[in-house]
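Observations on the three-dimensional arrangement
In case you want the letters, here they are:
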Amino acid sequence: MALRREPHVLVVGGSDSSGGGGIARDIETISSIGVRTCLAVTALTVQTHDAVMEIHPSQPDLVADQMRAALQANKVTAIKIGMLAAAEIVVAVAAVLRENPQVPAVLDPVLASTSGRALLDARAIAAMKRDLMPLCRLVTPNLIELALLVGLEPAVDEDGAVWQGQELLVAGMQALLIKGGHAAGPRSIDILLRPDHEPVRFDTPRLAASMRGTGCMLASSIAAHLAKAQSIEYAVRQGKLFVLEKLRKTPAE
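These remarks concern the structure in this document. (Residues numbered from 1 in each chain as written. Predicted model: local features only at pLDDT ≥ 70, side-chain atom pairs only at ≥ 80, totals over all residues. Heavy atoms only, no water.)

Moving on: the pairing of strand β1 (residues 7–14). By the criterion of burial, β1 is predominantly enclosed, with seven of the eight residues buried. Two elements, β1 and strand β4 (residues 75–81), share six bridges in a ladder whose sense is parallel. The residue of β4 that forms the bridge with Val11 is Lys80. Where β1 meets strand β2 (residues 36–47), seven bridges bridge the pair, whose relative direction is parallel. The residue of β2 that forms the bridge with His8 is Arg36. You can see the chain leave β1, run along helix α2 (residues 22–32) and come back into β2, and the turn it takes is right-handed. (Buried < 20%, exposed > 50% of the residue type's maximum accessible area, 1.4 Å probe, protein only. Helix = DSSP H or I, 4+ residues; strand = E, 2+ residues; numbered from the N terminus. Pairing = 2+ DSSP bridges. Right-handed = clockwise from strand over helix to strand, strands pointing away.)

See below:
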């Protein structure tokens, strides 16, 4: 089948019954860039745009088997990882990545919902740092997630964010994109950190629009461009432009 030979992004994440985030947003984003998707569902959720009411994690073996089946069925050239729900799922996903080191993975470390509900406990966060993050080509924490990953308060300025990011790089990460959406000021600055590279800053206007799922969109867009065999820096730049364009079309609340 011709379909099998087309580049695919394997989306690993949870459902969002509101459609605002999760795998619904991932598929929408990746498809709009002209890349096909295949899926491994880590959790079913019951949520609106305002709150998460229920989370039902998948069995870890089921998540791993979904991933292996998708990789067998399709030409998977990138993997996008979102909500993982439990430490055992983190370990299962890491095991499949170790089996497929040639496929670049982008991890959006979804640690809490927009409404503030924790989506990973301390044990799962520790497993993510130890077992999963070093296997990913890129990890995309926002300032709050970055602080949780290093066990500190959120950085109050750009220098603090870079320092926290460097702490993760020392722990074995391949690359980090620190998202500046939770910072203040008229400009939103994301910072790409890689070992033996100077930080690369992506400076864009901070828009008044409010939209759920922007983290999903950014990581998915980056994965879609990596699936086309493009560099991380180019993929990040294109991902930023994609999200910025979506926000420009979204009315301010």
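Looking now at the environment of Ile189. Looking at the secondary structure, you find Ile189 in strand β8 (residues 187–193). Judged by relative accessible area, which is 26%, Ile189 ranks as partly exposed. A sequence separation of eleven residues divides Ile189 from Ile178, and the C-alpha atoms of the two residues are 8.6 Å apart. If we ignore the near neighbours within four places in the chain, the residues touching Ile189 are Glu158, Ile178, Lys179, Gly180, Arg201, Phe202 and Asp203. (Contact = heavy atoms within 4.5 Å.)

This paragraph deals with the pattern of salt bridges. Summed over the entire model, instances satisfying the criterion amount to twelve salt bridges. Ionic pairing is found between Glu28 and Arg25, a salt bridge with its closest N-O pair at 3.3 Å. With Glu28 and Arg25 both in helix α2 and three residues apart, this pair spans about one turn of that helix. On the basis of relative accessible area, Glu28 is assigned to the partly exposed category, the value being 39%. Linking Arg68 and Asp65 is a salt bridge whose minimum nitrogen-to-oxygen distance equals 3.7 Å. Here Arg68 and its partner Asp65 are both found in helix α3 (residues 60–73), three residues apart, which amounts to about one turn of the helix. Take Asp65: its relative accessible area is 46%, and that puts it in the partly exposed class. Salt bridges linked by common partners bring Asp65, Arg68 and Glu99 together as one network. (Salt bridge = Lys/Arg side-chain N within 4 Å of Asp/Glu carboxyl O.)

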